[in-house]
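Close look at the chain arrangement
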Amino acid sequence: MEIDMNGVIFALSYALDKVESELIGVSVDHAKWVAYMSVLTGKTYDMSFEQLSDLASCAAMHDNALTQYNAGGRDRGLDPSVFGLHCTIGQDNIADFPFYGDVDGFITYHHENVDGTGLFHKRDDEVPLAAKIIHLADMVDVTCNVKDVSAGNYKSILNYLNSNTGLMFPRELVHHFLTKFTEDFYLSLKGRSINDLLSEELPHNLREYPFDQIRKVMNVFGQIVDYKSSFTRSHSFSVAEKVTKMARFYGYDESTVERMYIAGVLHDIGKMAVSNDILEKPAKLSKTEFAYMQTHAWYTYVILSQINGFEDITEWASLHHEKLNGSGYPFGKTGKDLSEKDRLVACVDIYQALSEDRPYKKGMDHAKCMSIMRDMASRGLIDARITEDIDKKL
Ligand SMILES: [Fe+2]
Ligand SMILES: [Fe+2]
Ligand SMILES: [Fe+2]
Ligand SMILES: [Fe+2]
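**Overview of the overall build of the chain**
Scanning the chain from N- to C-terminus turns up 20 helices and two strands. Taking 394 residues into account, the globule formula puts the C-alpha radius of gyration at 21 Å, and the chain, at 22 Å, falls close to it. Buried residues in the chain amount to 54% of all 394 residues. Summing over all exposed atoms, the chain offers an accessible surface of approximately 16200 Å²; the carbon and sulfur share of this is 51%.

See the structure below:
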């Protein structure tokens, strides 16, 4: 399948920002700004396109393991004795991503200080340059909110760097960063969209990847979503597997089956934008809370629609809570607007959700799931034929 892997990673990083912002209050597009500043800095070291591309992906993914770090609603905060876990898990998560080169340590060491006081107390020469660049870009944005472009903020960035040169960041790296990041350059970013800035520095690169490799990348994001709540530990992955099984049963061609797998594994990516107070609530949600929960399908649409070439996947994934009679969300579509593939993802999601334990209910066996789904079909909510096929196949 041909995709722009960095484009996919940048789009999905929106979901990671939501988690990082719950934990440490970073602003919108944090991951993209970290990637952007990293690429600019990487260029001052004459990195090749391939090196810049790997640097940008790792920069956008630097905090990908925060949901696993805080798994099960265990809010560990920033306790330095365990915070390093988000670095090692984060590096493991990207082990199977299709990088151009070796990215060992890029994420593991994104919190190392040059004076050895970082999470793993590494010496400067033990930390890859890319990890040092990501560390600087991350901390500059966390501390100064780079997107808030003004002369005053440039002064804050300079002050922050000056007072941490030789402590957190190597002198020579700060120098490289500032050769590009001059005041004039910084002020020229005002009002620019981060997506445009990123694509100017790192052009979109469509490449052909074996589906197996794409699946591994998508599974990482599915897992990040599932770890957001302790009650959905394998939901995304199970929906993807069952959607694939049904898609094969309907005789779709292999490329469609693969694309439907991606829709299945990413259908709830918008849950990253929903607070854990709602996802983990051990009781039925109030009306307002339920309305808030419903926004996850809208966020799935927002996130996936940023990816070029994902138009069909975006549709199948984000319509999974629509109902044939128009009572679903986020768009309130009716049967005439819902294709067989839209309906299939919706039915499989319901089947999977019914069969899983939730804070307020135990998972149901196949017969009970089918009786609830048949009742929904008879009330004009979901597709009756697909429901019967699920009974035969799952
Ligand atoms: Fe981090
Ligand atoms: Fe960060
Ligand atoms: Fe959902
Ligand atoms: Fe779901």
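**Quick notes on the coordination of the iron ion (ligand 1)**
For the iron ion (ligand 1), the protein coordination sphere consists of Asp63 (OD), His86 (NE2), His110 (NE2) and His111 (NE2), at 2.1 to 2.2 Å. With four donor atoms in place around the iron ion (ligand 1) and angles of 80 to 174° between them, the coordination shape is irregular. The sequence pattern describing where the donors of the iron ion (ligand 1) fall on their chain is D-x22-H-x23-H-H. Between the iron ion (ligand 1) and the iron ion (ligand 2) the interatomic distance amounts to 5.2 Å. With His86 in helix α6 (residues 85-93) and His111 in the loop between α6 and α7 (129-144), this residue pair connects regions lying 25 residues apart in the sequence. The two residues His86 and His111 agree in class, both being buried.

**Considering the state of the cysteines**
Evaluation of the coordinates by the stated rule reveals zero disulfides. There is no disulfide at Cys58, and the cysteine sulfur nearest it, in Cys87, is 13 Å away. Note on Cys58: relative accessible area 0%, which makes it buried.

**Some remarks on the coordination of the iron ion (ligand 3)**
Those protein atoms acting as donors to the iron ion (ligand 3) are Asp268 (OD), His296 (NE2), His320 (NE2) and His321 (NE2), and they sit at 2.2 to 2.3 Å. Here the iron ion (ligand 3) is ringed by four donor atoms whose angles at the metal span 82 to 167°, and the overall shape comes out irregular. Counting the intervening residues between successive donors of the iron ion (ligand 3) yields the motif D-x27-H-x23-H-H. Between the iron ion (ligand 3) and the iron ion (ligand 4) the interatomic distance amounts to 3.5 Å, and Asp268 serves as a bridging ligand to the pair. One end of the pair, Asp268, is in the loop between α14 (254-266) and α15 (276-279); the other, His320, is in the loop between α17 (311-318) and α18 (340-355), with 52 residues separating them in the sequence. The burial state of Asp268 is the same as that of His320; both residues are buried.

**A word on the packing of helix α12 (residues 211-226) against helix α13 (residues 235-249)**
Running from amino to carboxyl end, α12 crosses α13 at an angle of 135°, the nearest separation of the two axes being 7 Å. In terms of orientation, α12 and α13 fall into the oblique class. Here Asn219, Gly222, Val225 and Asp226 of α12 come into contact with α13, specifically with His235, Ser236 and Phe237. Counted by class, the contact of α12 with α13 contains two nonpolar, four polar and one charged residues.

**A word on empty space enclosed by the protein**
Across all of its chains, the model carries four cavities of 30 Å³ or more by this definition. Each pocket or cavity is described by its volume, and for the largest cavity that value is around 120 Å³. If you trace the largest cavity, you find 14 residues lining it, with Met5, Asn6, Ser53, Ser57 and Tyr209 closest to the centre. If you list the elements that add at least two residues to the lining of the largest cavity, you get α1 (5-24) and α3 (49-60). Class assignment of the residues belonging to the lining of the largest cavity gives a composition of seven nonpolar, four polar and three charged.

**Let's talk about unusual backbone geometry**
Tyr329 connects to Pro330 through a cis peptide bond whose omega is 10°. Within the chain, His121 stands out as a residue other than glycine whose phi angle is a positive 50°. Checked against the element boundaries, His121 lands in the loop between α6 and α7.

**Looking at the domain arrangement of the chain**
Domain annotation of the chain identifies domain 1 (2-205) and domain 2 (210-393). One C-alpha centre belongs to domain 1, the other to domain 2, and the line joining them spans 32 Å. Across the contact, 24 residues belong to domain 1 and 27 residues belong to domain 2. Together, the buried faces of domain 1 and domain 2 total about 2300 Å²; carbon and sulfur atoms form 74% of this surface. Considering only the side of domain 1, the residues that lose the most area to domain 2 are Leu12, Tyr14 and Thr67, jointly responsible for 22% of the buried surface there. Our count for the domain 1 to domain 2 interface comes out at zero salt bridges. Every element with two or more residues in the side of domain 1 that touches domain 2 is listed here: α1 and α4 (66-69). For the side of domain 1 that touches domain 2, the element with the highest residue contribution is α1, accounting for 11 residues. In the side of domain 1 that touches domain 2, the residues fall into 13 nonpolar, seven polar and four charged.

What counts as what
- Residues numbered from 1 in each chain as written.
- Chains lettered and ligands numbered in written order.
- Predicted model: local features only at pLDDT ≥ 70, side-chain atom pairs only at ≥ 80, totals over all residues.
- Heavy atoms only, no water.
- Helix = DSSP H or I, 4+ residues; strand = E, 2+ residues; numbered from the N terminus.
- Rg over C-alpha atoms; globule rule 2.2 N^0.38 Å.
- Buried < 20%, exposed > 50% of the residue type's maximum accessible area, 1.4 Å probe, protein only.
- Areas by Shrake-Rupley, 256 points an atom, 1.4 Å probe, with all protein chains shown as cover.
- Donors = N, O, S within 2.8 Å, 3.2 Å for Na, K, Ca; no water.
- Tetrahedral: all angles 85-135°; square planar, octahedral: opposite > 155°, others 65-115°.
- Disulfide = S-S within 2.5 Å.
- Axes fitted to C-alpha atoms, helices over the stretch in contact; angles between N-to-C directions.
- Parallel < 35°, antiparallel > 145°, perpendicular 65-115°, else oblique.
- Contact = heavy atoms within 4.5 Å.
- Nonpolar A, V, L, I, M, F, W, Y, C, P; charged D, E, K, R; others polar.
- 1 Å grid on protein atoms, 1.4 Å probe; cavity = no way out; pocket = protein on both sides within 12 Å on 5 of 7 lines; lining within 4 Å.
- Points joined across faces, edges and corners; volume = space filled by probe spheres on them.
- Domains from an automatic or database assignment.
- Buried area = accessible area lost by both parts, 1.4 Å probe.
- Salt bridge = Lys/Arg side-chain N within 4 Å of Asp/Glu carboxyl O.

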